[in-house]
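Structural characterization, general
Now for the letters of each chain:
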Amino acid sequence: MSYHISDISPGYKSVSNLLQDANIEQLKRLLNEDQELNKIVRNLQQVKDIEAERETLLASNKSLAEFNLNQEPVLLEAREGLSKVYLEAMDLKNEMEENKQKYDETINQESLDTVLAILQASAAQSEEETEKLADELKRGDLLVEDFIEKFMEKRKVTHLLRVKAEKMAELLSKKRNNFQLTRALHLV
């Protein structure tokens, strides 16, 4: 079975024609001189297309690498910020654990009525602090952005303390009523 180079790869028709039209002397020269053969291969359209695509990819990779390098300061800043936030979170966690330990110690030492009084006093104190923030804003001692941030946080704390105090007062009242009812039933 015989076939031509043009049958193998349709993109090589020009080379196929060149080789079919070449005499023995020209074919020997191509066989012995790599430069001539390389020149023919480099002139193929497919090779030119591949080379052009390679150049485009190199330029694209270079551009992407430059962009990535330009993003390094942003990444480093973000990493630094994340590290700072992580350390703050760890500090807050440690503080919370210390406060929880203090709370556990306090709750064991104080009666429920004392805890209720402390909650109510804390809510009142927090309310006073929000009023102080409002006064600072009125006097111009505090920027609006700082006021909003601090005020919202204080109001949240105040509200939580007030809700907890009210709920605890309600539970204590129910507990006292149940105790009195149980006591009255035992007397009958």
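The structure we're discussing is the one just above.
My aim in this report is to walk through the structure given alongside it, one point at a time. (Residues numbered from 1 in each chain as written. Predicted model: local features only at pLDDT ≥ 70, side-chain atom pairs only at ≥ 80, totals over all residues. Heavy atoms only, no water.)

Before going further, it helps to examine the overall build of the chain. Tallying secondary structure elements over the chain gives 8 helices and 0 strands in all. Helices and strands appear in the chain in the N-to-C order α-α-α-α-α-α-α-α. The long-range share in the chain, meaning contacts at least 24 apart out of those at least 6 apart in sequence, stands at 58%. Surface exposure of the chain reaches about 16000 Å², of which carbon and sulfur atoms provide 56%. (Helix = DSSP H or I, 4+ residues; strand = E, 2+ residues; numbered from the N terminus. Contact = heavy atoms within 4.5 Å. Areas by Shrake-Rupley, 256 points an atom, 1.4 Å probe, with all protein chains shown as cover.)

What follows covers the nonpolar core. Counting residues in each nonpolar core, the largest one holds 8 residues, listed as Val115, Leu116, Leu119, Ala123, Leu161, Ala165, Met168 and Leu172. Elements that contribute at least two residues to this core include exactly helix 7 (112-139) and helix 8 (144-187). Not counting the four nearest positions on each side in its chain, Leu172 is found in contact with Leu112, Asp113 and Leu116. (Core = buried A, V, L, I, M, F, W, Y, C linked by side-chain atoms within 4.5 Å. Buried < 20%, exposed > 50% of the residue type's maximum accessible area, 1.4 Å probe, protein only.)

According to the stated counting rule, one finds 10 salt bridges in the structure shown. Arg139 serves as the salt-bridge partner of Asp141, at 2.9 Å between the closest nitrogen and oxygen. The exposure class assigned to Arg139 is exposed, which follows from its relative accessible area of 55%. Among the salt bridges present, the one from Glu153 reaches Lys156, with a minimum N-O distance of 3.8 Å. One end of the pair, Glu153, and the other, Lys156, are both in helix 8, 3 residues apart, so they sit about a helical turn from each other. (Salt bridge = Lys/Arg side-chain N within 4 Å of Asp/Glu carboxyl O.)

It is worth spelling out a negative patch on the surface at this point. On the surface, Glu88, Asp91, Glu95 and Glu98 cluster together to form a negatively charged patch. Assignment of secondary structure puts Asp91 in helix 6 (residues 72-109). The exposure class assigned to Asp91 is exposed, which follows from its relative accessible area of 51%. (Patch = residues over 30% accessible without salt bridge, like charges linked within 9 Å, V, L, I, M, F, W, Y side chains within 5 Å. Lys, Arg positive; Asp, Glu negative; His and termini not counted. Charge placed at Lys NZ, Arg CZ, Asp CG, Glu CD.)

With respect to the helices and strands, Thr158 occurs in helix 8. Of the polar contacts made by the side chain of Thr158, one reaches the side chain of Ser126; its length is 2.4 Å. Contacts of Thr158, omitting those with residues within four sequence positions, involve Ala123, Ser126, Glu127 and Thr130. (Polar contact = N/O pair within 3.5 Å; in protein donor to acceptor, adjacent residues only side chain to side chain.)

On to the packing of helix 3 (residues 24-32) against helix 4 (residues 34-42). Where helix 3 contacts helix 4, the two axes come as close as 5 Å, and the packing angle between them is 95°. Accordingly, the angle class assigned to the pair helix 3 and helix 4 is roughly perpendicular. Across the interface between the two elements, Arg29, Leu30, Leu31 and Asn32 from helix 3 touch Asp34, Glu36, Leu37 and Ile40 from helix 4. The residue makeup of the contact of helix 3 with helix 4, split by class, is 4 nonpolar, 1 polar and 3 charged. (Axes fitted to C-alpha atoms, helices over the stretch in contact; angles between N-to-C directions. Parallel < 35°, antiparallel > 145°, perpendicular 65-115°, else oblique. Nonpolar A, V, L, I, M, F, W, Y, C, P; charged D, E, K, R; others polar.)

For the rest of this paragraph, the subject is a nonpolar patch on the surface. A surface patch of nonpolar side chains, about 300 Å² in accessible area, is lined by Val144, Ile148 and Met152. Position of Ile148 among the secondary structure elements: in helix 8. Judged by relative accessible area, which is 47%, Ile148 ranks as partly exposed.

The subject of this paragraph is the environment of Ser126. Inspection of the secondary structure puts Ser126 in helix 7. Classification of Ser126 by relative accessible area gives buried; the value is 4%. The spacing of Ser126 and Lys156 is 30 residues in sequence and 9.6 Å in space, taken between C-alpha atoms. In this structure the side chain of Ser126 is engaged in a polar contact, spanning 3.4 Å, whose partner is the backbone oxygen of Lys154.

Turning our attention to the side chain of Thr130. Along the chain, Thr130 turns up in helix 7. Beyond its immediate chain neighbours, meaning those up to four positions away, Thr130 contacts Phe151, Lys154, Arg155 and Thr158.

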